[in-house]
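Now for the letters of each chain:
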Amino acid sequence: MSGSGWKASLRRLPFYLVVALIVVYALTPFIWALSTSFKTEDDLFGAARLFPRDPTTKNYVYVLGDAGFMSSLVNSVIVAGGSSLLALTAGSLAAYALGRLRFRGKTPMLYAVLAMTMFPQISILSGLYLTVRELNIYGTQAAMLFAYPLFTLPFSTWVLTSFFRGLPREIEEAAIVDGATTAQILARILLPLTVPALVTTGLLTFIVSWNEYLLARSFTVTNPSAQTVPVAMAQFAGIVEQQEPIAEIMAAAMIVTLPLVVLVLVFQQRIAAGLTAGSVKG
Amino acid sequence: MTTTPSPAQVTPRSALWGALLGAIGVGAIAGLVLAVATDAGVRSAFDASLGDDRPSAIMAVLDGFGIILPVFVLGFGLIAVRLALGVARRDVGATRSARDAVTWLALLGAVVTVARLVQGTPWIAATPSPLLAVVGGALGPAVATAVAALLRRGLARAARAPGLREEPLVKREARTAWSLLVPALLILLLVAARPLETTIITSFTDKVFASDEVPNFVGVAHYRRLLTLSFVEVPCRLGDDGACARSNRGGIRWQPLPRELLVEGYRTAWHWNLPLLTAPDRAIAVNALDHIWIRSIWVTLVFTISSVSLELLLGLFIALTVHSEFRGRGAMRAVMLIPWAIPTVVSARLWELMLKDTTAGVLNRGLMLVGAIETPQSWLTTPALQLPSAIMIDVWKTSPFMALLLLAGLQVIPKELYESARVDGASRFREFVSITLPLLRPAIAVALIFRTLDALRVFDLLNVLFGRSLHSVSTYNYQVLINNQQAGYASAVGVLIFFLIFGFAVAYVRLLGVNRS
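1. What to know about the overall build of chain A
Line of reasoning, step 1. Along its length, chain A carries 15 helices and 0 strands.
Line of reasoning, step 2. Over its C-alpha trace chain A gives a radius of gyration of 24 Å, far above what one expects of a compact globule, namely 19 Å for 282 residues.
Line of reasoning, step 3. Structurally, chain A occupies a C-alpha span of about 75 × 75 × 30 Å along its principal axes.
Line of reasoning, step 4. The 282 residues of chain A split such that 55% are buried.
Line of reasoning, step 5. Carbon and sulfur atoms make up 68% of the accessible area of chain A, which amounts to about 12000 Å² in all.

2. What to know about the side chain of A:Thr131
Line of reasoning, step 1. Topologically, A:Thr131 is positioned in helix α7 (residues 125–134).
Line of reasoning, step 2. Taking the relative accessible area as the measure of exposure, A:Thr131 reaches 5% and is therefore buried.
Line of reasoning, step 3. If sequence neighbours within four positions are ignored, A:Thr131 has contacts with A:Phe146, B:Leu190, B:Arg194, B:Pro195 and B:Thr198.

3. Here's the deal with empty space enclosed by the protein
Line of reasoning, step 1. Applying the stated criterion to the full structure yields 5 cavities of 30 Å³ or more.
Line of reasoning, step 2. Space inside the largest cavity adds up to approximately 1200 Å³.
Line of reasoning, step 3. Contributing to the lining of the largest cavity are 38 residues, with A:Gln121, A:Val208, B:Trp340, B:Asp454 and B:Arg457 lying nearest its centre.
Line of reasoning, step 4. Broken down by secondary-structure element, the contributors of at least two residues to the lining of the largest cavity are α6 (106–117), α9 (149–166), α12 (195–211) and α15 (246–279) of chain A together with α14 (383–411), α16 (428–456) and α17 (460–466) of chain B.

4. A few points about the nonpolar core
Line of reasoning, step 1. If you look at the biggest cluster of nonpolar residues, it comprises 191 residues, and the most contacted ones within it are A:Phe69, A:Phe219, A:Met233, A:Ile271, B:Trp293 and B:Trp340.
Line of reasoning, step 2. Per-element tally for this core: the top contributor is α15(A), with 16 residues.
Line of reasoning, step 3. In terms of nonpolar packing, the next biggest core, distinct from the first, is built from 12 residues, B:Ala94, B:Ala98, B:Val102 and B:Ala106 among them.

5. Focus: the sheet that holds strand β2 (residues 267–272) of chain B
All names here are of chain B.
Line of reasoning, step 1. Spatially, the 3 strands line up as an open sheet ordered β1-β3-β2, and their pairing is antiparallel. In this open sheet, the two strands that pair with only one neighbour each are β1 (229–235) and β2. Taken pair by pair, the neighbouring strands of this sheet meet at an average axis angle of 30 degrees, ignoring direction.
Line of reasoning, step 2. The sheet contact formed by β1 and strand β3 (residues 282–288) spans 7 bridges and is antiparallel. Of the residues in β3, the one forming a bridge with Ser230 is Asn287.

6. Regarding a nonpolar patch on the surface
All names here are of chain A.
Line of reasoning, step 1. A contiguous nonpolar surface patch, about 480 Å² in accessible area, is contributed by Trp6, Leu10, Leu13 and Leu17.
Line of reasoning, step 2. Counting only elements with at least two residues in the nonpolar patch, the list comes to α1 (5–11) and α2 (13–36).
Line of reasoning, step 3. Relative to the helices and strands, Trp6 is located in helix α1.
Line of reasoning, step 4. Classification of Trp6 as exposed rests on a relative accessible area of 61%.

7. Concerning the pattern of salt bridges
Line of reasoning, step 1. All told, the structure shown has 13 salt bridges over all chains when counted by the stated rule.
Line of reasoning, step 2. One salt bridge in this structure joins B:Arg194 and A:Glu134, with 3.6 Å as the shortest N-O distance. Of the two residues, B:Arg194 is situated in helix α7 (residues 169–202) and A:Glu134 in helix α7; the pairing between them involves two chains.
Line of reasoning, step 3. Here B:Arg457 ties to B:Asp454 by a salt bridge, and the two come within 3.0 Å at their closest N and O atoms.
Line of reasoning, step 4. Judged by relative accessible area, which is 17%, B:Arg457 ranks as buried.

8. Quick notes on the domain arrangement of chain A
All names here are of chain A.
Line of reasoning, step 1. Splitting chain A by domain gives domain 1 (5–36) and domain 2 (68–279).
Line of reasoning, step 2. Each of domain 1 and domain 2 has a C-alpha centre, and the two are 33 Å apart.
Line of reasoning, step 3. Taken together, the 4 residues of domain 1 in the interface contact 7 residues of domain 2.
Line of reasoning, step 4. Regarding the contact of domain 1 and domain 2, the summed buried area is about 440 Å², with carbon and sulfur atoms giving 91% of it.
Line of reasoning, step 5. For the pair domain 1 and domain 2, the number of links is 0 salt bridges.
Line of reasoning, step 6. Class assignment of the residues belonging to the side of domain 1 that touches domain 2 gives a composition of 3 nonpolar, 1 polar and no charged.

9. With respect to helix α11 (residues 182–193) of chain A
All names here are of chain A.
Line of reasoning, step 1. Over its 12 residues, α11 runs 15 Å from end to end, which matches the ideal 16 Å to within 8%, given 1.5 Å per residue.
Line of reasoning, step 2. For α11, the complete set of buried residues consists of Ile185, Leu186 and Leu190. Seen along its axis, α11 keeps its buried residues to an arc of 90 degrees; they face one direction. Exposed side of α11, more than 90 degrees from the buried face: Ala183 and Arg188 are the residues found there.
Line of reasoning, step 3. Lining the buried residues of α11 we find α5 (67–100), α9 and α10 (170–177).

10. A few points about the packing of aromatic side chains
Line of reasoning, step 1. What the rule picks out here adds up to 19 aromatic pairs over all chains.
Line of reasoning, step 2. Note on A:Tyr213 and B:Phe459: the rings are 5.7 Å apart at their centroids and 40 degrees apart in plane angle, and the pair reads as tilted. Taken together, the positions of A:Tyr213 in the loop between α12 and α13 (214–219) and B:Phe459 in the loop between α16 and α17 put the pair across two chains. By the burial criterion, A:Tyr213 is buried, and B:Phe459 matches it.
Line of reasoning, step 3. A connected cluster of aromatic rings, assembled from ring pairs, spans A:Phe119, B:Phe498, B:Phe499 and B:Phe502.

11. Structural notes on the packing of helix α11 (residues 329–341) of chain B against α14(B)
All names here are of chain B.
Line of reasoning, step 1. Where α11 contacts α14, the axes come no closer than 6 Å and their chain directions differ by 135 degrees. Accordingly, the angle class assigned to the pair α11 and α14 is oblique. The crossing of α11 and α14 is left-handed. Seen from α11, the contacting residues are Arg329, Arg333, Met336, Leu337, Pro339 and Trp340; seen from α14, they are Trp396, Lys397, Pro400, Phe401, Ala403, Leu404 and Gln411.

12. Examining the interface of chain A and chain B
Line of reasoning, step 1. Each side of the interface is counted separately: chain A has 109 residues, and chain B has 98 residues.
Line of reasoning, step 2. It is A:Tyr25, A:Met118 and A:Ile122 in chain A that bury the most area against chain B; as a group they hold 7% of the surface buried on that side.
Line of reasoning, step 3. One salt bridge connects A:Arg102 with B:Glu173, and the closest N-O pair in it is separated by 3.3 Å.
Line of reasoning, step 4. Scanning the region where chain A abuts chain B turns up 14 residue pairs in polar contact (both at pLDDT 80 or more).
Line of reasoning, step 5. The biggest single contributor to the side of chain A that touches chain B is α15(A), with 19 residues.
Line of reasoning, step 6. By residue class, the composition of the side of chain A that touches chain B is 76 nonpolar, 22 polar and 11 charged.

Reading the values: the criteria
Residues numbered from 1 in each chain as written. Chains lettered and ligands numbered in written order. Predicted model: local features only at pLDDT ≥ 70, side-chain atom pairs only at ≥ 80, totals over all residues. Heavy atoms only, no water. Helix = DSSP H or I, 4+ residues; strand = E, 2+ residues; numbered from the N terminus. Rg over C-alpha atoms; globule rule 2.2 N^0.38 Å. Buried < 20%, exposed > 50% of the residue type's maximum accessible area, 1.4 Å probe, protein only. Areas by Shrake-Rupley, 256 points an atom, 1.4 Å probe, with all protein chains shown as cover. Contact = heavy atoms within 4.5 Å. 1 Å grid on protein atoms, 1.4 Å probe; cavity = no way out; pocket = protein on both sides within 12 Å on 5 of 7 lines; lining within 4 Å. Points joined across faces, edges and corners; volume = space filled by probe spheres on them. Core = buried A, V, L, I, M, F, W, Y, C linked by side-chain atoms within 4.5 Å. Pairing = 2+ DSSP bridges. Axes fitted to C-alpha atoms, helices over the stretch in contact; angles between N-to-C directions. Patch = residues over 30% accessible without salt bridge, like charges linked within 9 Å, V, L, I, M, F, W, Y side chains within 5 Å. Salt bridge = Lys/Arg side-chain N within 4 Å of Asp/Glu carboxyl O. Domains from an automatic or database assignment. Buried area = accessible area lost by both parts, 1.4 Å probe. Nonpolar A, V, L, I, M, F, W, Y, C, P; charged D, E, K, R; others polar. Expected span 1.5 Å × (residues − 1). Arc of directions from axis to C-beta. Phe/Tyr/Trp six-rings, centres within 6.5 Å; stacked < 30°, edge-to-face > 60°. Parallel < 35°, antiparallel > 145°, perpendicular 65-115°, else oblique. Left-handed = near helix turned anticlockwise from the far one by under 90°. Polar contact = N/O pair within 3.5 Å; in protein donor to acceptor, adjacent residues only side chain to side chain.

Below, the structure written as structure tokens:
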């Protein structure tokens, strides 16, 4: 067996073909869009071809000069970053209580958090809409910052609880004996240990908030200047199919997607672990 | 504070802090009463000049305040007064609880102050107001924050004062736990509980937006309209040749509904022409008072069931493939995460491009090259192709994610099981059926639940691809709420969606016997 390397490889050939097929399946729309974003108008309406006939960067220049699109990028950074920070702060405090402290009512609380992670946001859309109007933040980025904890907070709490639970108990016991307060234990001992978990959870909540569309769209119908990226992308030329600036849309799509792809490439192991911790463990 | 007072004695200091805390508690309750009494809606309920147009007082309070927030404020006020008495009595548990509560109060005040300040700035401009108004709006919260911070300092000192009896560790731990849960619970109260309550209350009213009037109670009228169905058997329209006439899309054309049903407001959601139930030239017309809603339920169910089952099969296939050892597994995992990480709106637009209805659409071109179709299809505008296209895109986006969840399940199956099976000469298929599948069952169950509940609330994809031409329950809810501004009706739709999804969740837990604890 050992000497026939190429024979073994040959036997694995069907396997690698399947793997290649999966890769093509997963990446085709992305690659197609990438190629389209470099195409000229003439190229777009001819028969479909993978490589642009004469590649141009004018679509990117156009999109980067579009004030509306650029402001939506800034809005998305504010909204996704802010709501992730909020979810991490409130979530890690709650997760510390749920994962490491003993108190009556813990199990019901855990179930409540789990139920919240699956809560259908759409069903309270009208209530949220009314609440946001009551608070006088309708049509602003603050509306999203206010509403996004609805899904980021239960998720981050759940994932962080499972991380906290996994830490050995002796760590804090020693600290308690030394007379440390809860705040000291949390800030000096446990938080440094959970930095990887916080990074993972933060990434996931960031991606999920970055991609959120339903609430963002509902809250910014009247005020385009507060739109986040998905809303801007959906409305780039309206939903009506006529004379769409397709190449520009794809250029915008690439600009929006590339940061996410880079994040995924760098943190793939952590993201995968966090996702499965959020759903499978428990 | 070097003197050591005897424990049960009321000292001037603790009495002062207790009184301040008590005042905050009483102030909260008084503020609540004042807010209700001066609310425009509530006052109009007692305005004699309005005569019979007066709204009901109960409705006015429910519409303006709900139940949860008043109960919360009332509870906070009463607990604050109780803790205040404890602080004055130098009870250590009460003092520490009060300290924790006031800490969060001060932080809440700080957050509100900052929010008020930021709200007037140009980049988050809810009310683009001049500087003075912004600062004025932040002044109240700022003062409140300062008072709370002062009180916190006093309470913290009182809690550390010498001569206090030490608390049992268990009690201390429980108090810490609840204190740490405060921000999360407060946020969820505001963004989940209160909107849920508003949705439920509003669903029984005729509330519309852009109106400050107190809505009327309409009972279950919205629910009745949403849920009323009527089934009628209708014959087909006869063509010139005596056979059933067909529309140019190929479907059989059916006779219209009986007049009295049309007058009552019934419209046909769809026709059932099933071989066993009906004669070939007859169909059961499923009619509803809101046929778009009924149709949207059907679309949502078809979308969910077909996409989730396809995803499961494909996901399982991908997971089993990727599970084996090979070089580049890490890269493979990244590739699998990419469709999940791309915003659904963006992937909808990517697919819009690939599905273009000319030869510029790569799918049309590909299928024509292999000879599967002769002319380009308009995948996104032909009614019969819309839903299948949406399902295809959803399967593309989420199968890799499903595979990832299943992969985690595969990795915990002990390798020894396969080794001993191989020793016994079991075939690969046998291995899969008797080892992999049973042990993967929990992972499959969880992945199924997650994906199903997710698919049931599909919004982004259909909204971007089809606008208003194909509705799921979510896009329908959005349309009724945002485009039609019918808050009452939209709330009833929301409540029904909640029950639909909840029903699925319960059914899953029952059927698959998931035990997640």
